[in-house]
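Chain and residue survey
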Amino acid sequence: MAGKSDARVRYTQHALKQALLTLLKEKSVNKITVKEVCELAELNRATFYSHYSDCFALLEAIENELLEAFAQSLTLIKSFDVAALIEAIYDMIGKNEEACRVLIFQNPGSTVIRMIDYARPQSIAYWRQELRASDEELEMLYTHLSNGLMHVVVEGYDRYERETVVRFVRRIVQASLSLFQ
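Figured I'd write up the structure that's included with this text. (Residues numbered from 1 in each chain as written. Predicted model: local features only at pLDDT ≥ 70, side-chain atom pairs only at ≥ 80, totals over all residues. Heavy atoms only, no water.)

Examining the overall build of the protein
Along the backbone of the protein there are nine helices and zero strands. Helices and strands appear in the protein in the N-to-C order α-α-α-α-α-α-α-α-α. Here the C-alpha coordinates of the protein stretch approximately 60 × 35 × 30 Å along the principal axes. Every one of the 181 residues in the protein was classed for burial, and the buried ones make up 43%. For the protein, the computed accessible surface area is about 10400 Å², with 52% contributed by carbon and sulfur atoms. In the protein, 21 side chains carry a positive charge and 25 a negative one; their mean positions are 3 Å apart. (Helix = DSSP H or I, 4+ residues; strand = E, 2+ residues; numbered from the N terminus. Buried < 20%, exposed > 50% of the residue type's maximum accessible area, 1.4 Å probe, protein only. Areas by Shrake-Rupley, 256 points an atom, 1.4 Å probe, with all protein chains shown as cover. Lys, Arg positive; Asp, Glu negative; His and termini not counted. Charge placed at Lys NZ, Arg CZ, Asp CG, Glu CD.)

Concerning the nonpolar core
By size, the foremost hydrophobic cluster in this structure holds 63 residues, and its most contacted members are Leu24, Val37, Phe70, Ile86, Met92 and Trp127. Looking at this core, the elements with two or more residues in it are α1 (2–24), α2 (34–41), α4 (55–73), α5 (82–95), α6 (97–105), α7 (110–130), α8 (135–156) and α9 (162–178). Here this core gets nine residues from one element, more than from any other, and that element is α4. Residues within four places of Met92 in sequence aside, it is in contact with Leu66, Ala69, Phe70, Cys100 and Met115. (Core = buried A, V, L, I, M, F, W, Y, C linked by side-chain atoms within 4.5 Å. Contact = heavy atoms within 4.5 Å.)

Comments concerning α8
Between the first and last C-alpha of α8 there are 31 Å, a value that for 22 residues agrees with the 32 Å anticipated at 1.5 Å per step. Taken as a whole, α8 has its buried residues at Leu138, Leu141, Tyr142, Leu145, Ser146, Leu149, Met150, Val153, Val154 and Gly156. Contacts from the buried residues of α8 go to α4, α5, α6, α7 and α9. (Expected span 1.5 Å × (residues − 1).)

So, the packing of aromatic side chains
According to the stated counting rule, one finds five aromatic pairs in the structure shown. For the pair Phe105 and Tyr157, a centre-to-centre distance of 5.1 Å together with 40° between the ring planes defines the contact as tilted. Placement of the pair is Phe105 in helix α6 and Tyr157 in the loop between α8 and α9, with a sequence separation of 52 residues. The burial state of Phe105 is the same as that of Tyr157; both residues are buried. Between Trp127 and Tyr142, the ring centres sit 6.0 Å apart and the planes meet at 55°, which makes this aromatic pair tilted. In this pair, Trp127 is assigned in helix α7 and Tyr142 in helix α8, connecting sequence segments 15 residues apart. Classification of Trp127 by relative accessible area gives buried; the value is 9%. Clustering of aromatic rings is evident, with ring pairs tying together Phe48, Tyr49 and Tyr52. (Phe/Tyr/Trp six-rings, centres within 6.5 Å; stacked < 30°, edge-to-face > 60°.)

Quick look at the environment of Ala133
Examined against the element boundaries, Ala133 turns out to sit in the loop between α7 and α8. The spatial distance from the C-alpha of Ala133 to the C-alpha of Thr75 is 23 Å, given a sequence separation of 58 residues. In contact with Ala133, other than residues within four places in its own chain, are Leu138 and Phe180.

As for the pattern of salt bridges
The final tally for this structure, using the stated rule, is eleven salt bridges. For Arg120, the salt bridge goes to Glu139, with nearest N and O atoms at 3.2 Å. Note that Arg120 is positioned in helix α7 and Glu139 in helix α8, a separation of 19 residues in sequence. Here Glu139 falls in the partly exposed class, since its relative accessible area comes to 34%. For Arg128, the salt bridge is made with Asp135, and the minimal N-O distance between the two is 3.0 Å. Residue Asp135 is classed as partly exposed on the basis of its relative accessible area, which comes to 41%. Within this structure, Glu97, Arg101 and Asp158 form a network of salt bridges that share partners. (Salt bridge = Lys/Arg side-chain N within 4 Å of Asp/Glu carboxyl O.)

And the structure:
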């Protein structure tokens, strides 16, 4: 019986998330009502409130799922193989395309910032062992590379071939890191 219940919960949460993503294509979260989400998901308000306190909590759940998927792609961060990292990020985007299009491509804001902040300690700790740079230089290097490269991926996703982006990113990272090796 638990399996059936779990499947219902997953279905319900998925339906609510899809409804919110659809509405976010047209307007911001602070202009979306629980009633609108429920109507689009064909669920009642009591069901919504049994899972989320409001639309902001639902949005946070979607962002947290993206962050978890991003964290999985960062398993490659312990090396300087940025091409593999970018490939993993592209795969993560492909598996979560609708959420990425709405939360990252349409409005690259808080979700991208959370992703960059998530990877910061791990990246800097690794670089500290491999590069000859002060902590301040490592912080600035991380800020420079992470923000720039994330935006190259976001803005280049539909404009450039994946291989072109990977090749460009590899060259930029190698040039930047070579300054500290």
